[in-house]
Amino acid sequence: MPSVYIKTYGCQMNERDSEAVAAQLVAKGYSLAATEKTADVILLNTCSVRDMAEQKAIGKMQNIAADVRKNRPDVVLGFMGCMAQSRGKQLIDQLPDVDLVIGTQKFHRTADYLDEIIQGKRAKIVDVAAEQGSEATIKEHILFGKTTTKAITAFVSIMQGCNQYCTFCIVPYTRGEERSRTIPDVVAECRQLVAGGVREITLLGQIVTSYGKRDIPIKDGKSAFVQLLEAVHEIEGLERIRFTSPHPKGYGDDLVEAYGRLPKLCESAHLPVQSGSDRLLKLMHRGYNRERFSGIIEKLRKVQPGMGITTDIIVGFPGETEADFEETMSLSRAIRFDNAYIFKYSPRRDTPAASMPDQVPQDILEARHARLLELINGIAAKGYDERIGRTEQILVEGESKKGPRRMTGRTRCNKIVLFDGSERHRGQLMDVKITHTGSFTLYGDPAIVNLD
Ligand code: SAH
Ligand code: F3S
């Protein structure tokens, strides 16, 4: 059977989709190639959120075609995911070496399409059609990591798509309408993962606060998403639950309160704010203002004072003035995010913002990005330093890339901790004392805790 190599760009949803496609192919007898150099099938799972992500994947495919095809003409090359969905056949017109283009609702067809191509039944396949029920098509994950050891953490996709249509964002076009899986379906997948050794699950969706909104009625004041959290929380053997990403608009008090009630729900929240300026938030079609966002954070910190809070921010949205940008700076100072992903605005085809007036010149965009990054990094570094001397509970995920005797885990607030340990620690919940910090990393020592 052939071997496959999948390279993933973009978000955790893409990582999860790649895992699912890999699992599907392995179930059919494929092996996983360690590098593209030896693979019979090379798939790039793409991201469209910014132009740079698209250019990276296109450049990579050009290099692969030039390198690999020269010596091994039978290698199958394919694009999957968001850029495949959004550009479709155009990708083959641009890159004639590409054999397969699979959209975001067709991952479950990958093995069939590869069969047809490998057997010579069809030369090129493009499938970017919508498919009803596709949100629940692939549930099998294999638990593979960098080694053959079992995974401790896993992603579970609870919904597909987004109906919010923020004016800068291509996702509603690439991922389609919101479609949610049922609670029993998600719980069954989580149970299976826990039976296989997983101890922490991250529930994934583009806008999880809209989960099940149309299909699952509110019960005892609890939204469908909170009902789902409760159901997953009941799974025995599961230690930790996270989710990403909620949207401030639909962030109800029931979700805030869940952090106080459900001990497995980790004290960390990734809540994208995008801007601190009410004027821009409106132009972005975000559906909340600065006060509402700050109010949610305040409530969360009341329920869990140590909550780790991260966000996404866009700089250089069309029409962003110096005053708007200062509002984002002042919000960042006021909230003191643990970290923020700062994106330079990138015009996306089909989105309203791409044709808005007053696009921000590149040099201003770069300068604002640098200023905000410095502010965010400074706040984050202080937050990390404050943890020195504290004891934190970590879940050990495995070996760190930094060396064989260095293990890595994460705190409940989602901060990475490295410590000197060994394979026997994998999967353990343990207390470590934080001894020093590095860039967005904590270093811990389990032995010191035992001496206390
Ligand atoms: N709802 C998803 C958002 C997906 S896009 C989630 O919360 O995970 C991830 C982030 O990319 C967004 O939060 C936004 O900050 C950024 N982004 C989206 N479109 C962008 C664009 N056109 N230019 C720059 N950044 C963008
Ligand atoms: Fe994109 Fe806004 Fe949805 S950022 S994914 S349209 S909530």
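Our structure is the block above this text.
Figured I'd write up the structure that's included with this text. A quick note: this is a predicted structure, and the numbers were derived from the prediction, not measured. (Residues numbered from 1 in each chain as written. Chains lettered and ligands numbered in written order. Predicted model: local features only at pLDDT ≥ 70, side-chain atom pairs only at ≥ 80, totals over all residues. Heavy atoms only, no water.)

Focus: the packing of helix α8 (residues 224-233) against helix α9 (residues 253-261)
Thinking step 1. Axis separation between α8 and α9 bottoms out at 9 Å; the angle between their running directions is 15°. Here α9 runs roughly parallel to α8, going by the angle between their axes. Along this stretch, α8 crosses α9, giving a crossing that reads as right-handed. Residues Phe 225, Val 226, Leu 229 and Glu 230 of α8 form the contact with α9, whose own contacting residues are Asp 254, Leu 255 and Arg 261.
Thinking step 2. Here the residues of the contact of α8 with α9 sort into 4 nonpolar, no polar and 3 charged. (Axes fitted to C-alpha atoms, helices over the stretch in contact; angles between N-to-C directions. Helix = DSSP H or I, 4+ residues; strand = E, 2+ residues; numbered from the N terminus. Parallel < 35°, antiparallel > 145°, perpendicular 65-115°, else oblique. Left-handed = near helix turned anticlockwise from the far one by under 90°. Contact = heavy atoms within 4.5 Å. Nonpolar A, V, L, I, M, F, W, Y, C, P; charged D, E, K, R; others polar.)

So, the sheet that holds strand β7 (residues 153-157)
Thinking step 1. In spatial order, the strands read β7-β10-β11; together these 3 strands make up an open sheet with parallel pairing. Of all the strands in the sheet, the pair left with one neighbour each is β7 and β11 (240-244). Neighbour-to-neighbour, the strand axes of this sheet turn through a mean angle of 25°, independent of strand direction.
Thinking step 2. The sheet contact formed by strand β10 (residues 200-204) and β11 spans 5 bridges and is parallel. The residue of β11 that forms the bridge with Ile 201 is Ile 241.
Thinking step 3. Those strands touched by α8 are β10 and β11, and its axis lies near 155° from that of β11. (Pairing = 2+ DSSP bridges.)

What about the state of the cysteines?
Thinking step 1. Evaluation of the coordinates by the stated rule reveals 0 disulfides.
Thinking step 2. Unpaired in terms of disulfides, Cys 47 finds its nearest cysteine sulfur in Cys 82, a separation of 6.4 Å.
Thinking step 3. Relative accessible area serves as the criterion here: at 12%, Cys 47 is assigned to the buried category. (Disulfide = S-S within 2.5 Å. Buried < 20%, exposed > 50% of the residue type's maximum accessible area, 1.4 Å probe, protein only.)

Focus on the pairing of strand β18 (residues 429-438)
Thinking step 1. With 5 bridges connecting them, strand β15 (residues 391-399) and β18 associate as antiparallel partners. If you follow Ile 394 over to β18, its bridge partner there is Met 430.
Thinking step 2. Taking the residues that link successive antiparallel strands as the turn, the β18-strand β19 (residues 441-445) hairpin has 2 residues, and the phi of Phe 440 there is positive, at about 55°.

Re helix α11 (residues 290-303)
Thinking step 1. Here α11 contains 14 residues, and its C-alpha end-to-end distance of 20 Å stays within 8% of the 20 Å for a straight helix at 1.5 Å per residue.
Thinking step 2. Taken together, the buried positions of α11 are occupied by Phe 293, Ile 296, Ile 297 and Leu 300. All buried residues of α11 project into a common sector of 95° when viewed along the axis, lining one side. More than 90 degrees from the buried face of α11, the exposed residues found are Glu 291, Glu 298 and Lys 302.
Thinking step 3. Those residues of α11 hidden inside the fold are in contact with α9, β12 (268-270), β13 (308-315) and α12 (322-335). (Expected span 1.5 Å × (residues − 1). Arc of directions from axis to C-beta.)

By themselves, these observations are geometric and do not establish any function.
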